[in-house]
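Each chain, letter by letter, is given below.
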Amino acid sequence: MAGGEESLVTSVFLLDLVRQICVVGTSGAGDKNNNNNVFRKDCMDLVRRVSLLTHFLEEISGQLGSLNALGSCSSSSKEINWSSDLVAALQSAKNLLSLAGIFQSTNDSDSAAKKIATLFHSVTWKLERSLANIPYDQFDISEEVQEQVALVRAQLRRATERYGSKNSREISFAFAQQIEKDVGQSPMGNRLTRSRHIENSGGVSHKVAENIQTAVSGSNGSKDHSAYQVASELNVVDGGEKDSLGSKSGEDLKKHDTPKVPDDFLCPISLELMRDPVIVATGQTYERSYIQRWIDTGNSTCPKTQQKLEHLTLTPNYVLRSLITQWCAEHKVEQPTGLANGRIKKSDGSFRDVSGDIAPIQAIVRKLSSRLIEDRRAAVSGVRSLSKRSTDNRILIAEAGAIPVLVNLLTSEDTLIQENAVTSILNLSIYENNKALIMLAGAVPSIVQVLRAGSVEARENAAATLFSLSLADENKIIIGASGAIPALVELLENGSTRGKKDAATALFNLCIYQGNKGRAVRAGIITALLKMLTGSRNCMVDEALTILSVLASNQDAKVAIVKASTIPVLIDLLRTGLPRNKENAAAILLSLCKRDPENLASVSRLGAVIPLTELAKNGTERAKRKATSMLEHLRRLQQN
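Residues numbered from 1 in each chain as written. Predicted model: local features only at pLDDT ≥ 70, side-chain atom pairs only at ≥ 80, totals over all residues. Heavy atoms only, no water.

## Some points on the overall build of the chain
- If you tally the helices and strands in the chain, you get 33 helices and eight strands.
- With 640 residues in all, the chain has 48% of them scored as buried. (Helix = DSSP H or I, 4+ residues; strand = E, 2+ residues; numbered from the N terminus. Buried < 20%, exposed > 50% of the residue type's maximum accessible area, 1.4 Å probe, protein only.)

## Digging into helix 22 (residues 473–481)
- When helix 22 is considered as a whole, its buried residues turn out to be Asn475, Lys476, Ile479 and Gly480. Seen from one end, helix 22 has its buried residues packed into an arc of 135°, which puts them on one side.
- Just downstream of helix 22 lies Gly483, where phi reads positive at about 90°. (Arc of directions from axis to C-beta.)

## Thoughts on the packing of helix 21 (residues 456–470) against helix 22
- Axis separation between helix 21 and helix 22 bottoms out at 7 Å; the angle between their running directions is 140°. Judged on the interaxial angle alone, helix 22 and helix 21 are oblique. Of the residues in helix 22, those in contact with Leu466, Leu469 and Ser470 of helix 21 are Asn475, Lys476 and Ile479.
- The residue makeup of the contact of helix 21 with helix 22, split by class, is three nonpolar, two polar and one charged. (Axes fitted to C-alpha atoms, helices over the stretch in contact; angles between N-to-C directions. Parallel < 35°, antiparallel > 145°, perpendicular 65-115°, else oblique. Contact = heavy atoms within 4.5 Å. Nonpolar A, V, L, I, M, F, W, Y, C, P; charged D, E, K, R; others polar.)

## Section: the packing of aromatic side chains
- Overall, the coordinates contain two aromatic pairs when judged by the stated rule.
- Taking 5.8 Å as the distance between ring centres and 55° as the angle between the ring planes, the aromatic pair formed by Phe56 and Tyr136 counts as tilted. Of this pair, Phe56 sits in helix 3 (residues 54–60) while Tyr136 sits in the loop between helix 5 (110–132) and helix 6 (143–164), and the two are 80 residues apart along the sequence.
- Ring geometry for Phe265 and Trp327: centres 6.1 Å apart, planes at 80°, overall edge-to-face. On the criterion of sequence distance, the pair formed by Phe265 in the loop between helix 11 (250–255) and strand 3 (277–279) and Trp327 in helix 13 (residues 318–330) is long-range, its members being 62 residues apart. This pair shows no difference in class: Phe265 is buried, exactly as Trp327 is. (Phe/Tyr/Trp six-rings, centres within 6.5 Å; stacked < 30°, edge-to-face > 60°.)

## A closer look at the pattern of salt bridges
- Within the structure shown, the criterion is met by 18 salt bridges.
- For the salt bridge of Arg153 with Glu128, the shortest nitrogen-to-oxygen distance reads 3.8 Å. Of this pair, Arg153 sits in helix 6 while Glu128 sits in helix 5; the two residues are 25 residues apart in sequence, bridging distant segments of the chain.
- Residue Arg153 is classed as partly exposed on the basis of its relative accessible area of 21%.
- Its relative accessible area of 4% is what places Glu128 among the buried residues.
- In this structure, Glu399 engages Arg275 in a salt bridge whose closest nitrogen and oxygen atoms are separated by 2.6 Å. Of this pair, Glu399 sits in helix 16 (residues 391–399) while Arg275 sits in the loop between helix 11 and strand 3; the two residues are 124 residues apart in sequence, bridging distant segments of the chain. The same class applies to Glu399 and to Arg275, which are both buried. (Salt bridge = Lys/Arg side-chain N within 4 Å of Asp/Glu carboxyl O.)

## Brief notes about the nonpolar core
- Formed by 97 residues in total, the largest nonpolar core has its most connected members in Leu368, Leu488, Leu492, Ile525, Leu529 and Leu551.
- With sequence-adjacent residues up to four places away left out, Leu368 is seen in contact with Arg376, Ala379, Val380, Val383, Ala402, Val405, Leu406 and Leu409.
- One finds Val50, Ile60, Ala93 and Leu156 within the second-largest nonpolar core, a separate group that totals 36 residues. (Core = buried A, V, L, I, M, F, W, Y, C linked by side-chain atoms within 4.5 Å.)

## Some points on the sheet that holds strand 4 (residues 285–287)
- The three strands are arranged 4-3-5 in an open sheet whose pairing can be described as antiparallel. Looking at strand neighbours, the two that pair on one side only are strand 4 and strand 5 (315–316), the edges of this open sheet.
- Examined bridge by bridge, strand 3 and strand 4 share three bridges and lie antiparallel to one another. Within strand 4, the residue paired with Val278 across the bridge is Tyr286. (Pairing = 2+ DSSP bridges.)

## Focus on helix 2 (residues 40–51)
- Its 12 residues give helix 2 an end-to-end C-alpha distance of 16 Å, which sits within 8% of 16 Å, the value for a rise of 1.5 Å per residue.
- Residues Arg40, Asp42, Cys43, Asp45, Leu46, Val47, Arg49 and Val50 constitute the buried set of helix 2. (Expected span 1.5 Å × (residues − 1).)

## Regarding the environment of Gly518
- By secondary structure assignment, the location of Gly518 is in helix 25 (residues 514–522).
- On the basis of relative accessible area, Gly518 is assigned to the buried category, the value being 6%.
- Placed 376 residues apart in sequence, Gly518 and Ser142 show a C-alpha to C-alpha distance of 8.6 Å.

## Considering the confidence of the model for the chain
- Across the chain, the average pLDDT comes to 75, with 73% of residues at or above 70.
- In the predicted structure, residues 29–35 sits below a pLDDT of 50 and forms 17 contacts with residues beyond four places in sequence or in another chain.
- Low confidence marks residues 65–80, where pLDDT is under 50. Its contacts with residues over four positions away, or in another chain, come to 28 contacts. (pLDDT = per-residue confidence, 0-100.)

## Observations regarding the side chain of Ser429
- Positionally, Ser429 belongs in helix 18 (residues 415–429).
- With residues near it in sequence (within four places) discarded, Ser429 still touches Lys435, Ile438, Ser468 and Leu469.

## Regarding the side chain of Ser470
- Looking at where Ser470 falls in the secondary structure, it is placed in helix 21.
- Using a relative accessible area of 0% as the deciding quantity, one classes Ser470 as buried.
- Among the polar contacts made by the side chain of Ser470, one reaches the main-chain carbonyl oxygen of Phe467 at a distance of 2.8 Å.
- Among all residues touching Ser470, those that are not within four sequence positions of it are Asn475, Lys476, Ile479, Asn509 and Leu510. (Polar contact = N/O pair within 3.5 Å; in protein donor to acceptor, adjacent residues only side chain to side chain.)

## Topic: the environment of Leu271
- With respect to the element layout, Leu271 can be found in the loop between helix 11 and strand 3.
- Relative accessible area serves as the criterion here: at 3%, Leu271 is assigned to the buried category.
- When the C-alpha atoms of Leu271 and Glu287 are compared, they prove to be 9.6 Å apart, with 16 residues separating the residues in sequence.

## Comments concerning unusual backbone geometry
- Of note, Gln306 is a non-glycine position whose phi angle comes to about 65°, a positive value.
- Mapped onto the secondary structure, Gln306 falls in the loop between helix 12 (288–296) and strand 5.
- By relative accessible area, Gln306 is classed as partly exposed at 35%.
- In this structure, Arg595 is a non-glycine residue whose phi angle is positive, near 55°.
- Here Arg595 lies in the loop between helix 30 (579–593) and helix 31 (597–605).

This is how it looks when you write it as structure tokens:
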């Protein structure tokens, strides 16, 4: 078979294998009703990571033929067939998912579970190694896909370390108790106290007391259990006799038994169902407020593994948060909230007093789902008005569950409802904690749709909402991949004055992320910005230059800027612009001319030396630095 044909077969086979893995993983361990499968989270994590390779394989599918022997590359004088390694690793992942998907936890399954856990370690390592051997520099891969593959490799490395930590220790009950004391007594803490009272009362056997200690501290390598499960165990062992929990029998308690909360949904510190799960540097997940308090007290290690944290960044675990929300809805379990006794727990672990009664707000939120359009109109108008007034209202509205309902109303055919819904979400997003809730509700695609086809006011507020949400760095990636950038560029060109300003602000913020710069260029942003620079009204020159200064570090943007004949316009601004305009024009020219003699020669021919010399003497501090650097480059060009 010819090399090109063989390459095409390999790329198709790899893509097909990835799709098979997604099907196997989601149909087995991904079954939401399969609560006995202790490897469900491992399977879902593995499937999610593998699925992210789809775009990479699609991009290289037409390029494999140009590589010798299917892309074999040399590493330490040894030929490595990376495609064969990747096929083998993916096949191992598929086989493992099939095995783990049918595993059921029983009393006698500890040995089998350990073997499967070892396999997860091995497969994760093999995947990361096979991805490391790919000759990326020999492919033409977009920046977005490069970052996606880098993300997968980083996740696999962290997962390998996690699986390989053989002597990882669970958090002691004493630490959990201390954190409870610092952060504030919780319902879980009260249940733990009751459990300790039972243990010390002498009303239970030594074996049960031992079970309590094991369940709470996670000693002997066991997983943490909720205190409610410990109390339930007491009733079973004692034959349903009365104890300190109350006078109900074991049978009565059984009728009101709550479903078993999956261990992965519980914070390892508080043993509570997580509300705002975040990932630390070691890959472990904790409730934000508890791990933040741990860090704030001077600790720099992961509480669960005792490994030193390479950094203290807390990354929102949106996937786990979504799974918790889904589980709570399916099992009719009230989701944990941050609001209790007029106080809400903030992301840093401290508390904020919230004034106002949530009951009337809950009544308004319920009307958002009314079958009567008049009721929905009145309710969404009320939410918009309330959310505009104060931060406390924004907190209470979110706590009342309004955000998912408002997201649904974004697709309403009623113009007034749509306008008020998007404006309400904009108002709610001002409170930092609500940003994650809005993203979790899947709001971005609907906001983008409003941005494309809504009324003038709705489009303006949709752009402003995207800006507000993009202030969180992780949201820049999600929004950029959603198709928002072309819609924002269109608004930048053809919107109202306010709409153009909102679009410019959002685009500037999104383009701080490197992967979004190429998207903006492909959407035609350079043409739109040039019109703003040369327009007769000159009302948005500052905004256009600010965005160009961010884009100019991107190679595709550089080419597009030069091709659009922007250099003469920038030099003219050096002569006639306002101080801030001159500063940005000099910065853009410097970016365009670095390591590019052709652009530098063009700047010289167009007479930039005189205005640059003037700017180096009398400009702002930043303008002086940029102008001086440009003049130095021009001097070197003349000397050569």
